[in-house]
Every structure is written in C-alpha cells, then in structure tokens.
Amino acid sequence: MLALLRPRPIAPEVIGGADRFEPLDRHARIVQEAVKLALGRQALQLRVDRAKLANQALQALASLLEPCPKHLSVLGSEGVHGLH
C-alpha cells in the first residue's frame, strides 16, 4: 500500500526534457542579476552614508576648536586682542 503512495522519479524525457526549463533558468538568472545590482547599490549607499556621518562628526569637532567670536575683545586703545 505504501509503495503506491510514494512518488516515483520521472525521467526528464517524459516531462519534456531539459529544454522545457531553459526559459525558467534564464528568467531566474535575470532576477538574480537584478538582486545583485540592488544589493551592490545598497552597499554603496551605506558607504556614502557612513562617510557623511564621519564628515559631520569631524566638522562638529572642528567647530569646538575654533575660537568663539564673543570671547574676543579689543583691549585699550592699542588694539590688543584678548580672551575673556
């Protein structure tokens, strides 16, 4: 009884041969290439975003090192600059 329920392997010639599946394989390769391209673009965008974040962090640090104009003043009539 179990032998009747078990599927038997079918030869490719009976199904229509390997030629029948070639269009499906071709379409699968096209989809695969599209996915690879999308993943490559995403990886590039992540690198660009990471570079932008690093640039923003460096600009923030650089702004901390710049003297603030409100602390500069001219002292006396000689024009000597100093920090308050």
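About the cut-offs
Residues numbered from 1 in each chain as written. Predicted model: local features only at pLDDT ≥ 70, side-chain atom pairs only at ≥ 80, totals over all residues. Heavy atoms only, no water. Helix = DSSP H or I, 4+ residues; strand = E, 2+ residues; numbered from the N terminus. Buried < 20%, exposed > 50% of the residue type's maximum accessible area, 1.4 Å probe, protein only. Areas by Shrake-Rupley, 256 points an atom, 1.4 Å probe, with all protein chains shown as cover. Patch = residues over 30% accessible without salt bridge, like charges linked within 9 Å, V, L, I, M, F, W, Y side chains within 5 Å. Salt bridge = Lys/Arg side-chain N within 4 Å of Asp/Glu carboxyl O. pLDDT = per-residue confidence, 0-100.

J.: It is not clear to me how the overall build of the protein should be interpreted in this structure. Could you clarify?
T.: Assigned secondary structure in the protein consists of three helices and two strands. Every one of the 84 residues in the protein was classed for burial, and the buried ones make up 4%. If you sum the accessible surface of the protein, you get close to 8100 Å²; carbon and sulfur atoms cover 65% of it.

J.: Can you walk me through a nonpolar patch on the surface in this structure?
T.: The grouping of V31, V35 and L39 at the surface amounts to a nonpolar patch, some 270 Å² of accessible area in total. Along the chain, V31 turns up in helix α3 (residues 22–65). On the basis of relative accessible area, V31 is assigned to the exposed category, the value being 52%.

J.: Looking at this structure, I do not really get the confidence of the model for the protein. What am I missing?
T.: The predicted structure's coordinates, where accompanied by low pLDDT, should not be read in detail. Averaged over all residues, the pLDDT of the protein is 78; the fraction at 70 or higher stands at 67%. No element of the protein has a lower mean pLDDT than strand β2 (residues 80–83), at 50, and none a higher one than α3, at 94.

J.: Hey, could you run me through the pattern of salt bridges in this one?
T.: Pairing between side chains of opposite charge can happen when their charged atoms approach one another. Taken as a whole, this structure holds one salt bridge when the rule is applied. A salt bridge links E33 to K36; the shortest N-O distance between them is 3.4 Å. With E33 and K36 both in helix α3 and three residues apart, this pair spans about one turn of that helix.

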